[in-house]
Amino acid sequence: MASLDTIMIIGAGAWGTALANAAARTGRSVTLYAQDAKAADILAQTRESPRLPGVQLETGIQVSADLAASAKAGAILLVVPAQNLRAAAGALAPHLVKGTPVIVCAKGIERGTRKFMTQVVTEMLPDAAPAILSGPSFAHDVARGLPTAVTLAAHDEALAVKLVHALGSATFRPYHSTDVRGVEIGGAAKNVLAIAAGIVAGKKLGASALAALTTRGFAELTRFGLAFGAKAETLAGLSGLGDLILTCSSPQSRNFSFGAALGRGEKPPREILSEGEATAPVLIQMAEEKNIDMPVAKAVAAVLANAVTVNEAMDMLLTRPFRAEG
């Protein structure tokens, strides 16, 4: 494996820009890749992303639209939406140096294939060393250097440790893990559940209802995760429970904001990118195949498919038979 002194970020959106700032604070050489050459030029000149107004790029970050030149970095972070990951990995494939760590920073499950994020990377980049980064983190917080803790997982523990030391700083604290699947599932499932939390907030059902929804949602996330090989401690950690708590409690979460609009009876603005919207039907298909009970996530999927109204979905959940907690 090459030196980790150079880091490349593919994706110059809010989260990619935030991670570029975090990586630059470690003193490493960072390249932020933007697919659009004009957008790359503007970002290089202004040093401020339109996705993160008021946040300046750290000194030393190079902005580039040259994927071939940028791909010689010691580690690459793929920071694109989950449903765009395959295309981004395919574009990277001809330029990737064998053995390069490729860290996925997307949260979702691919529609159609039902593949988790590192499975897509392994398929498209068979010579890469895949890893996943996820956890309770908002782009504005990370970009500004506010304290944040996340999980970084790779099948090879030694690689995970090296990547944590390469990207970690006093304010950006990754914890290493080998439970790749658990980290992936936490990030994917919590997006769907955050839509439900947003609906509760949008309908003004109160803080007690929101707490109940988040807790029962975590039970669903746990059942799903354990059925697909995740470790219980991962699901109860930063990339599972931690991320769920954050995204189910703040309008900074795009999934929460998306759900809040639904709860208010509004059509969510298309500029609100909700990873949970794409993941919900896949999550439910996978759950049903293993007979996993996920009533909250199922209700979200039904609302998104226009199979039921928000009010009908709420009635379905509130009239379920009483049962023991678990």
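Novice: Summarise the overall build of the chain; cite the residues concerned and give the values.
Specialist: Regarding its fold elements, the chain presents 15 helices and eight strands. The C-alpha radius of gyration of the chain comes to 19 Å, within 12% of the 20 Å expected for a compact globule of 326 residues. Its C-alpha atoms put the chain at 60 × 40 × 35 Å along the principal axes. Counting the 326 residues in the chain, one finds 54% classified as buried. Pairs at least 24 apart in sequence give 70% of the contacts found in the chain among residues at least 6 apart. Charge-centre separation for the chain: the mean point of 30 positive side chains lies 1 Å from the mean point of 27 negative side chains.

Novice: Lay out the packing of helix α8 (residues 180-202) against helix α13 (residues 275-289) with the relevant residues and their values.
Specialist: Viewed as axis vectors pointing N to C, α8 and α13 meet at an angle of 110°, and their least axial separation amounts to 8 Å. It follows that α8 is roughly perpendicular to α13 by the angle criterion. In this structure, α8 contributes Ala-188, Ala-189, Asn-191, Val-192 and Ile-195 to the contact, and α13 contributes Glu-275, Gly-276, Glu-277, Thr-279, Ala-280 and Leu-283. A per-class count over the contact of α8 with α13 returns six nonpolar, three polar and two charged.

Novice: Break down the sheet that holds strand β7 (residues 148-153) for me, citing the residues and quoting the values.
Specialist: If you trace the eight strands from one edge of the open sheet to the other, you get β3-β2-β1-β4-β5-β6-β7-β8, paired in mixed fashion. Each edge of the sheet is formed by a strand with only one pairing partner; in this case those strands are β3 (61-64) and β8 (172-177). Strand-to-strand twist of the sheet, defined as the mean angle between neighbouring strand axes without regard to direction, takes the value 25°. Bridge count between strand β4 (residues 75-78) and strand β5 (residues 101-104): three bridges; the pairing is parallel.

Novice: Before we move on, could you go through the packing of α13 against helix α14 (residues 295-304) and cite the residues and values that matter?
Specialist: As a packed pair, α13 and α14 sit with axes 9 Å apart at the nearest point and diverge in direction by 125°. Between α13 and α14, the interaxial angle falls into the category oblique. Judged by the sense of rotation from one axis to the other, the crossing of α13 with α14 is left-handed. For the pair α13 and α14, the contacting residues are Gly-276, Glu-277, Ala-280, Pro-281, Leu-283, Ile-284 and Glu-288 in the first and Ala-297, Lys-298, Val-300, Ala-301 and Leu-304 in the second. Within the contact of α13 with α14, the residues separate by chemical class into eight nonpolar, one polar and three charged.

Novice: Before we move on, could you go through the side chain of Thr-148 and cite the residues and values that matter?
Specialist: Relative to the assigned elements, Thr-148 resides in strand β7. Owing to a relative accessible area of 7%, Thr-148 belongs among the buried residues under this scheme. Here the side chain of Thr-148 touches Leu-146 through a polar contact of 3.1 Å, landing on its backbone oxygen.

Novice: Report on unusual backbone geometry, specifying residues and quantitative values.
Specialist: For Lys-204, which is not a glycine, the phi torsion comes out positive at approximately 55°. Summarising the element assignment, Lys-204 is placed in the loop between α8 and α9 (207-227). Look at Lys-204 and you get exposed, because its relative accessible area is 74%. Phi is positive for Asn-291, which is not a glycine, with a value near 55°.

Novice: Lay out the pairing of strand β1 (residues 6-10) with the relevant residues and their values.
Specialist: β1 sits mainly inside the fold: four of its five residues count as buried. In this sheet, strand β2 (residues 29-33) lies alongside β1 in parallel orientation, the contact comprising five bridges. When the sheet's bridge partners are listed, Ile-7 is paired in β2 with Val-30. In this view, the connection linking β1 to its parallel neighbour β2 by way of helix α1 (residues 14-24) has right-handed handedness. The pairing of β1 with β4 spans four bridges and is parallel. The partner of Ile-9 across the bridge, within β4, is Leu-77.

The rules we used
- Residues numbered from 1 in each chain as written.
- Predicted model: local features only at pLDDT ≥ 70, side-chain atom pairs only at ≥ 80, totals over all residues.
- Heavy atoms only, no water.
- Helix = DSSP H or I, 4+ residues; strand = E, 2+ residues; numbered from the N terminus.
- Rg over C-alpha atoms; globule rule 2.2 N^0.38 Å.
- Buried < 20%, exposed > 50% of the residue type's maximum accessible area, 1.4 Å probe, protein only.
- Contact = heavy atoms within 4.5 Å.
- Lys, Arg positive; Asp, Glu negative; His and termini not counted.
- Charge placed at Lys NZ, Arg CZ, Asp CG, Glu CD.
- Axes fitted to C-alpha atoms, helices over the stretch in contact; angles between N-to-C directions.
- Parallel < 35°, antiparallel > 145°, perpendicular 65-115°, else oblique.
- Nonpolar A, V, L, I, M, F, W, Y, C, P; charged D, E, K, R; others polar.
- Pairing = 2+ DSSP bridges.
- Left-handed = near helix turned anticlockwise from the far one by under 90°.
- Polar contact = N/O pair within 3.5 Å; in protein donor to acceptor, adjacent residues only side chain to side chain.
- Right-handed = clockwise from strand over helix to strand, strands pointing away.

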